[in-house]
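An overview of the molecular structure
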Amino acid sequence: MSSDDDQPIVMDIYAGFTIRDELAVAVDCTDYDEPWYNCSTAAIINIEDAGRMAEYHKVSYYELPQFISECMVEWREIVNPTFRQVKDCFKEITECLLNEGCRFRIERTYGKNGYICC
């Protein structure tokens, strides 16, 4: 999911894996005019819990990013979502992960003066 990419500031949600093969869902904020405000917030999911979730839903561990995307299909139907809608989608994903019994940690990169995306 991405906010209106014709604007000077864009928020995107990504699902994928860290270098340690941990499942990660992240919100990235990119400011094309003032890049020093770029930041990200990521939920890094415990490997064992993500593995159990994959088994429960009968998908491979490496299919989890696609599985998450498919579960959030209604969010992708929003045309030019606002920052609030992108943040709400991220919140729904993290709430679903908690409901699935997944533990995760939040990791952030900060923009200028400690600016955070969510």
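Above this note sits the structure.
What comes next is a walk through the structure. Remember, predicted model here, so these are calculated numbers, not experimental data.

Below, the discussion takes up unusual backbone geometry. A positive phi angle, near 60°, is found at Lys58, a position not held by glycine. Its relative accessible area of 73% is what places Lys58 among the exposed residues. In this structure, Asn113 takes a positive phi of about 55° despite not being glycine. Within the fold, Asn113 resides in the segment after strand S4 (104-109).

With that settled, the discussion passes to the state of the cysteines. Applying the stated criterion to the full structure yields zero disulfides. Free of any disulfide, Cys96 has its nearest cysteine sulfur in Cys71, 7.3 Å distant. Here Cys118 stays unpaired: no disulfide links it, and the sulfur of Cys117, its closest cysteine neighbor, is 5.7 Å away. The exposure class assigned to Cys118 is partly exposed, which follows from its relative accessible area of 26%.

Conventions used here
Residue numbers run consecutively from 1 along every chain, following the written order of its sequence. In keeping with the predicted nature of the model, local features appear solely for residues at pLDDT of at least 70, side-chain atom pairs appear and are counted solely at 80 or more, and the whole-chain, interface and lining totals rest on all residues. Working from all heavy atoms in the structure, the side-chain values ignore hydrogens and water. Remark: exposure states derive from per-residue accessible area (1.4 Å probe, protein chains only) relative to the maximum for the residue type, with buried under 20%, exposed over 50%, and partly exposed in between. Each helix is a run of DSSP H or I of at least 4 residues and each strand a run of E of at least 2, with the numbering of both proceeding from the N terminus. Disulfides are defined as cysteine sulfur pairs within 2.5 Å.

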